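Examination of the molecular architecture
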4 protein chains.
Amino acid sequence: MSAQPTDSTPLRFSRWEQRTEVPLFVASLVFLLGYAGRVLAPHDAEPWRDLALILVCCTWLFFAVDFVVRIRLSGQGLRFLHTHWLDTVVLVLPLLRPLRLIRLYTALQRRRAQPRLSLYARVIAYAGMTALLLGFSAALAVYHQEHDAPGATIRTFGDAVWWACETLTTVGYGDAVPVTAGGRTVAAGLMVCGLALLGAVTGSFSSWLVQVFTREDEKGPTQSG
Amino acid sequence: MSAQPTDSTPLRFSRWEQRTEVPLFVASLVFLLGYAGRVLAPHDAEPWRDLALILVCCTWLFFAVDFVVRIRLSGQGLRFLHTHWLDTVVLVLPLLRPLRLIRLYTALQRRRAQPRLSLYARVIAYAGMTALLLGFSAALAVYHQEHDAPGATIRTFGDAVWWACETLTTVGYGDAVPVTAGGRTVAAGLMVCGLALLGAVTGSFSSWLVQVFTREDEKGPTQSG
Amino acid sequence: MSAQPTDSTPLRFSRWEQRTEVPLFVASLVFLLGYAGRVLAPHDAEPWRDLALILVCCTWLFFAVDFVVRIRLSGQGLRFLHTHWLDTVVLVLPLLRPLRLIRLYTALQRRRAQPRLSLYARVIAYAGMTALLLGFSAALAVYHQEHDAPGATIRTFGDAVWWACETLTTVGYGDAVPVTAGGRTVAAGLMVCGLALLGAVTGSFSSWLVQVFTREDEKGPTQSG
Amino acid sequence: MSAQPTDSTPLRFSRWEQRTEVPLFVASLVFLLGYAGRVLAPHDAEPWRDLALILVCCTWLFFAVDFVVRIRLSGQGLRFLHTHWLDTVVLVLPLLRPLRLIRLYTALQRRRAQPRLSLYARVIAYAGMTALLLGFSAALAVYHQEHDAPGATIRTFGDAVWWACETLTTVGYGDAVPVTAGGRTVAAGLMVCGLALLGAVTGSFSSWLVQVFTREDEKGPTQSG
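Quick summary incoming for the structure in this document.

About the cut-offs
- Residues numbered from 1 in each chain as written.
- Chains lettered and ligands numbered in written order.
- Predicted model: local features only at pLDDT ≥ 70, side-chain atom pairs only at ≥ 80, totals over all residues.
- Heavy atoms only, no water.
- Axes fitted to C-alpha atoms, helices over the stretch in contact; angles between N-to-C directions.
- Helix = DSSP H or I, 4+ residues; strand = E, 2+ residues; numbered from the N terminus.
- Parallel < 35°, antiparallel > 145°, perpendicular 65-115°, else oblique.
- Left-handed = near helix turned anticlockwise from the far one by under 90°.
- Contact = heavy atoms within 4.5 Å.
- Nonpolar A, V, L, I, M, F, W, Y, C, P; charged D, E, K, R; others polar.
- Phe/Tyr/Trp six-rings, centres within 6.5 Å; stacked < 30°, edge-to-face > 60°.
- Buried < 20%, exposed > 50% of the residue type's maximum accessible area, 1.4 Å probe, protein only.
- Arc of directions from axis to C-beta.

Another aspect to go through is the packing of helix α6 (residues 119-146) of chain A against helix α7 (residues 157-168) of chain A. Residue and element names in this part refer to chain A. Close contact between α6 and α7 brings their axes to 9 Å; oriented N to C, the two are set at 135 degrees. The angle between α6 and α7 falls in the class oblique. Relative to α7, α6 is oriented so that their crossing is right-handed. The segment α6 lies against α7, with Ala131, Gly135, Phe136, Ala138, Ala139, Leu140, Val142 and Tyr143 engaging Phe157, Ala160, Val161, Trp163, Ala164 and Leu168. Partitioned by chemical class, the residues of the contact of α6 with α7 number 13 nonpolar, 1 polar and no charged.

Right, dumping it as structure tokens:
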């Protein structure tokens, strides 16, 4: 949202953004896959782990180059860091990169003449997909931090996914809990973001349900269902 | 909702839907009862367990036949799987079948000239009933998966119902937690669906309360209560 | 709400309701105090425990008499159980009695010419007070069920109040959890009602905050604060 | 909000409020820092602990003097305690003092001609910042109560912050739980306030997201993003 080109944006900037859209998205996926491979591969699978590390570094370099080019083309200098703060955050924490998927999806939607989903359905899809990505990234990061910590309860990636589920939904059984400072920081971030996103999903679902029932009223009671 | 007949639906399709409504609902209940019997009957009550298994298989066969007939009558071929995705899900996971109860209820409501419940009350009733059914089905499925797993904390059906309660309301004490992969998958599904449904209940209750207080204001402060 | 006299209600019925309002409220408080005394008094304080039991029985008898008189005066016979279902529930579970406090409060509010609280503030006050009463009653009932059960974690009344707090807010640490069937039934009731009530509090607070900020906008940015 | 000067407020009162705004805010920060120092300093760092205690006492004295002067200037006598109840609460529980930060922020915002944040963004910022302050103060207070209690699970300040996170978001794993009466009282306060504040954040975020998607619809599907 924060990267919407305004009227004063130079033409070359928006052309760069259009051209890098698909490559950046592919790079995001490669980054996520690389990180997942690095974290999940067994310790003795050296070549795979090295390959994953190389993938992660290369794609991150690509992100950095794109970021520098966009600062240049925008003609804003360091003020770019402020006006495009979301891009800056995403550069530092590239696990959040795949959130670009949503921008791509929105862009694709817009190219078709008519959006197919209703307003609430789109909010649910957007917030739900973001929550899913956040949860997966957080599960990877927490597994990375926790799986060989002393006294850890998150020992397998399955545990980490299960932990992400119960954290995002605020159930919090307590059978799988991060114990390291790094894991707890990731967890706190997931809680705050997840709460807001799932609140949006819940609120929109509720509004959508009320809308559906209102429409049924208007159709009248005699029509067959 | 996704199974609403559109204008282009062949007449024979909607006639089939009308005629199978009540039988399918009865079959759903029989399926749920059969599954409950299979899961809850003691291991040495062989004839009852066999009867329950037969009931489950027969009703599932009935669902499959109905599904095939509807694909044929709809004249859509495999595209039916997409337009009626909820029906496809319900065929694969027949424990969600009794959700048809709600369609039946809606249909019955519509046949009477005037709905008796207000908009919010209907949303609360619909979402609450669905949550209840989901919770009961999930308790059955989790009990099935967990009750003889090593290290399980859900050992009786009472534990499973208690677990479903604290999961649906997102309290999550952690005294009863699924430990198997199957149980955790069911739990994750229950969390996601339950959260949305209870959000709808909560939101509608809140709107209803505001509505009631607004009406009281309009009635004026002098009227006796 | 369900006990509002309609136009067809006989005059004697509404006169009875007006006259019994204050005595019934006092009796509700006496009942709650009596139940609290019975539950919380030490086992060797026999005269106090007996007095509390007598208070509970007498007030319940008073409620029953009032209920029978109202069935008679309403002229509805057994249909009264349906139209006044909340009163019926409250007769069987007299711990919910003090909810009448809210009716009394509403009645008092209405007698003054102008309500002082805004719409949202009233919803918050109503739902919050009901949640408080529910929590206190549930803490009493759970303490009653649990305090001498084997393996219980709720051993003192302080534990029970702490448990009610973390349950109503859906935090659910799991350090104090009911283990008996009776305690879990009370807990499930508290969860369902508490969730709806606190959802109303949260939703109204959110709406109120948005309203306050909207008003600040309208007052204009130059006015000093 | 409760301290807004009304038309009948004497001029000297509002002048006093304007003049003490910045000093009071600085004093609030000093108080928080002093309390944090007192609580977090190791037991053998006597001079620092004494300095922190002196800071806390002096700032509290400053608050008390300000409160007395404002009672005098308001010309309301003891009725001031009722009309400015939030100020009274804040005098008794000075850890909530930094909530004045929000008043200062609002005042600063108003002096600039145009507010930069949208309505929902301001509600989110306000409620989120208040929740952060509440969480930090509660973490300090709970650490103070718990860290040397027998059987405590909150032993370091990091544990206390982690506990505040999982309590505010209602996740409640149960790995860090207050066990003393004082700690539980603070926790109950945090739960109630935090729930309302985070409900406001969630609700506003949801409304904001719906607004953003609505605007996108209005901009039309052909515009490039």
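Further notes follow.
Below, the discussion takes up the packing of aromatic side chains. All names here are of chain D. This model, assessed by the stated rule, comprises 28 aromatic pairs over all chains. Summarising the aromatic geometry, the rings of phenylalanine 205 and tryptophan 208 are spaced 5.9 Å apart at their centres and angled 35 degrees between planes, so their arrangement reads as tilted. Of the two residues, phenylalanine 205 and tryptophan 208 are both situated in helix α8 (residues 181-219); the distance of 3 residues between them amounts to about one turn of the helix. Overall, phenylalanine 205 belongs to the buried group, its relative accessible area being 19%. Residue class for tryptophan 208 comes out partly exposed when judged on its relative accessible area of 28%.

As a further point, take the environment of B:Trp163. For B:Trp163, the position within the fold is in helix α7 (residues 157-168). Expressed as a C-alpha distance, the spacing of B:Trp163 and B:Tyr143, which sit 20 residues apart in the sequence, is 9.8 Å. Not counting chain neighbours up to four residues away, the residues in contact with B:Trp163 comprise A:Tyr173, B:Ala138, B:Val142, B:Ile154, B:Ala176, B:Val177, B:Pro178, B:Ala187 and B:Leu190.

What follows is about helix α4 (residues 85-92) of chain A. Residue and element names in this part refer to chain A. Along α4, the positions that sit buried rather than exposed are Asp87, Thr88, Val90 and Leu91. All buried residues of α4 lie within an arc of 165 degrees about the axis, which places them on one face of the element. In α4, the exposed positions angled more than 90 degrees off the buried face are occupied by Trp85 and Val92.

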